[in-house]
Amino acid sequence: MSLLRFFRPRAAPSAPLAKERLTVLLTHERAARSQPEYLPRLRREILEVIGKYVHLDDDKIHVHYESQGTVAKLELDIELPNQSQQRQSQVAQPAVS
Amino acid sequence: MTSGKGGVGKTTSAAAFAAGLALKGHKTVVIDFDVGLRNLDLVMGCERRVVYDFINVINGDARLNQALIRDKRIDTLAILPTSQTRDKDALTREGVGRVIDDLKEDFDFIICDSPAGIERGALLALYYADEAVIVTNPEVSSVRDSDRIIGVLQSRSRRAEEGMDPVREHLLLARYDADRVARGEMLKVEDVLDILAIPLVGIIPESQSVLKSSNVGMPVVMDSSSVAGQAYLDAVGRFLGETIEHRYFKPERRGLFQRLLWRTA
């Protein structure tokens, strides 16, 4: 049994996958760490304000914070539904205010 | 001595580092910050000599000299044990600062053995640090937690809060198994360095002698036959600025017969 195991081909190395997963995860976590704590709340409130005028899905708003030295930059990327879709949704949901 | 994750070898490393510094003639004290889970005394072999502890000193119930335990083997080494009965709220920033200031009068090095996690005990253990040794195992969860604790050092230490020079960080890679690395089963030194991007102070090989030395309450650096002990002494030397090449990160060479035995073991 043991001898058979000795000659059996070895399993694919798993360490490269560990490194790759860590690299991806930590890039994400470090970016989140350098952001101000109020960012998620800011994002939610912006979504609420815009929601008063047009219906907006949660994934259509991107808040990007970048800080370099003494300058910090806040980028808002809001994707509005196009006019026809908007009208349709307004017809479908007239109660949205 | 910090890590975020538990069980990676912080207390072993704190004991080994303290004993290593003391063996080199530096007056060294090591403080156990793991309130409620006292263990440094046991690893250092002075568990029966604990009378007063760190919390007693903070609360003014005992003088520092009453709580300090002088090591019987190395005369430049002392231990400040923690309380086994209180909870971590007994630690205060001011209290810890006062004790550290008092210790500075008598000691060249004060080693703070951090508890796991990122709560009060761990935050206070790193708060006053000038240097941080981050103990990491070549394993995904340990590397992730080390990255997290490095972030905490860079934002919540006194040096960060007061805008001083940052805490100097040192990576101590423990439980390294060069054979498993060679087989692609374990992250390489280089992988961990790429990811964490802090200077390497030492690689401690996975070694039987670590358990053996904690069994008998003797810091592993005092066992001259132990490769882990040698690796810790090398790390202490590098920490003090000596240039020492890294050993123990290549697999041991084995003959065919040994290899057969080892594969079937």
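Note that this is a predicted model, so its numbers are computed, not measured.

(A) Region of the structure containing the overall build of chain A. What chain A contains, in helices and strands, is four helices and two strands. Put simply, chain A runs from its N terminus to its C terminus through helices and strands in the order α-α-α-β-β-α. Residues classed as buried in chain A amount to 16% of the 97 residues present. In chain A, the share of contacts with a sequence separation of at least 24, taken over all contacts with a separation of at least 6, comes to 40%. Carbon and sulfur atoms make up 55% of the accessible area of chain A, which totals about 8,100 Å².

(B) Highlighting the pattern of salt bridges. In this structure the tally under the stated criterion is 18 salt bridges over all chains. In this structure, Arg33 of chain A engages Asp147 of chain B in a salt bridge whose closest nitrogen and oxygen atoms are separated by 3.3 Å. Remark: Asp147 of chain B occurs in helix α7 (residues 140-156) and Arg33 of chain A occurs in helix α2 (residues 15-33); the pair is interchain, linking two chains. A salt bridge links Arg183 of chain B to Glu185 of chain B, with the nearest nitrogen and oxygen atoms 3.3 Å apart. The class for Arg183 of chain B is partly exposed, based on a relative accessible area of 27%. Residues joined in a network through salt bridges with shared partners are Lys19 of chain A together with Asp191 and Asp194 of chain B.

(C) Representation of the confidence of the model for chain A within the structure. Per-residue confidence for chain A gives a mean pLDDT of 79, with 74% of residues at or over 70. Across chain A, α2 of chain A holds the top mean pLDDT of 92, while helix α4 (residues 83-92) of chain A sits lowest at 56.

(D) Representation of the nonpolar core in the model. All names here are of chain B. Ranked by internal contacts, the top residues of the largest apolar core, which has 35 residues, are Phe17, Val30, Met44, Leu172 and Tyr232. Broken down by secondary-structure element, the contributors of at least two residues to this core are α1 (10-23), α2 (40-43), β3 (77-80), β5 (131-136), β6 (168-176), β7 (200-205) and α12 (227-239). Counting residues per element, this core draws most heavily on α1, which supplies eight residues. Setting aside residues up to four positions removed in sequence, Phe17 forms contacts with Met1, Ile111, Val133, Leu172, Tyr232, Ala235, Val236 and Phe239. If you look at the next biggest cluster of nonpolar residues, it comprises 27 residues, including Leu123, Tyr176, Leu200 and Ile203.

(E) The arrangement of the packing of aromatic side chains in detail. Residues and elements named next belong to chain B. Enumeration over the complete set of coordinates arrives at four aromatic pairs over all chains. Each member of the aromatic cluster is reached from another via a ring pair, and the members are Phe17, Phe109 and Phe239. When the ring centre of Tyr127 is taken as origin, the NZ or CZ atom of Arg93, which lies over that ring, is 3.8 Å away.

(F) Expanded view of the pairing of β3 of chain B. Residues and elements named next belong to chain B. Residues Leu77 and Ile79 point to one face of β3 and Ala78 and Leu80 to the other, with burial holding for every one of them. Judged from the two bridges that link them, strand β2 (residues 69-70) and β3 form a sheet pairing that is antiparallel. Its bridge partner lying in β3, Ile69 is registered against Ile79. Between the antiparallel neighbours β2 and β3 lie six residues.

(G) Fine view of the sheet that holds strand β4 (residues 109-113) of chain B. Residues and elements named next belong to chain B. In space, the four strands of this open sheet follow the order β2-β3-β1-β4, with mixed pairing throughout. Sheet topology places β2 and β4 at the edges, where each strand pairs with a single neighbour. By the bridge criterion, five bridges tie strand β1 (residues 28-32) to β4 in an arrangement that is parallel. For Asp32, the partnering residue across the bridge sits in β4 and is Asp113.

(H) Focus on the sheet that holds β7 of chain B. All names here are of chain B. Ordered by their spatial adjacency, three strands build an open sheet running β5-β6-β7, and the pairing between neighbours is parallel. Across the chains shown, the open sheet's two edge strands, defined by having one partner strand only, are β5 and β7. Pairs of neighbouring strands in the sheet enclose a mean axial angle of 20°, with direction left out of account. Bridging between β6 and β7 involves four bridges; their strand directions are parallel. Pairing of Tyr176 across the sheet is with Pro205, part of β7. Sheet strands touched by α12: β5, β6 and β7. Its angle to β7, the strand with the most contacts, is close to 175°.

Conventions used here
Residues numbered from 1 in each chain as written. Chains lettered and ligands numbered in written order. Predicted model: local features only at pLDDT ≥ 70, side-chain atom pairs only at ≥ 80, totals over all residues. Heavy atoms only, no water. Helix = DSSP H or I, 4+ residues; strand = E, 2+ residues; numbered from the N terminus. Buried < 20%, exposed > 50% of the residue type's maximum accessible area, 1.4 Å probe, protein only. Contact = heavy atoms within 4.5 Å. Areas by Shrake-Rupley, 256 points an atom, 1.4 Å probe, with all protein chains shown as cover. Salt bridge = Lys/Arg side-chain N within 4 Å of Asp/Glu carboxyl O. pLDDT = per-residue confidence, 0-100. Core = buried A, V, L, I, M, F, W, Y, C linked by side-chain atoms within 4.5 Å. Phe/Tyr/Trp six-rings, centres within 6.5 Å; stacked < 30°, edge-to-face > 60°. Lys NZ or Arg CZ within 6 Å of the ring centre and 35° of its normal. Pairing = 2+ DSSP bridges. Axes fitted to C-alpha atoms, helices over the stretch in contact; angles between N-to-C directions.

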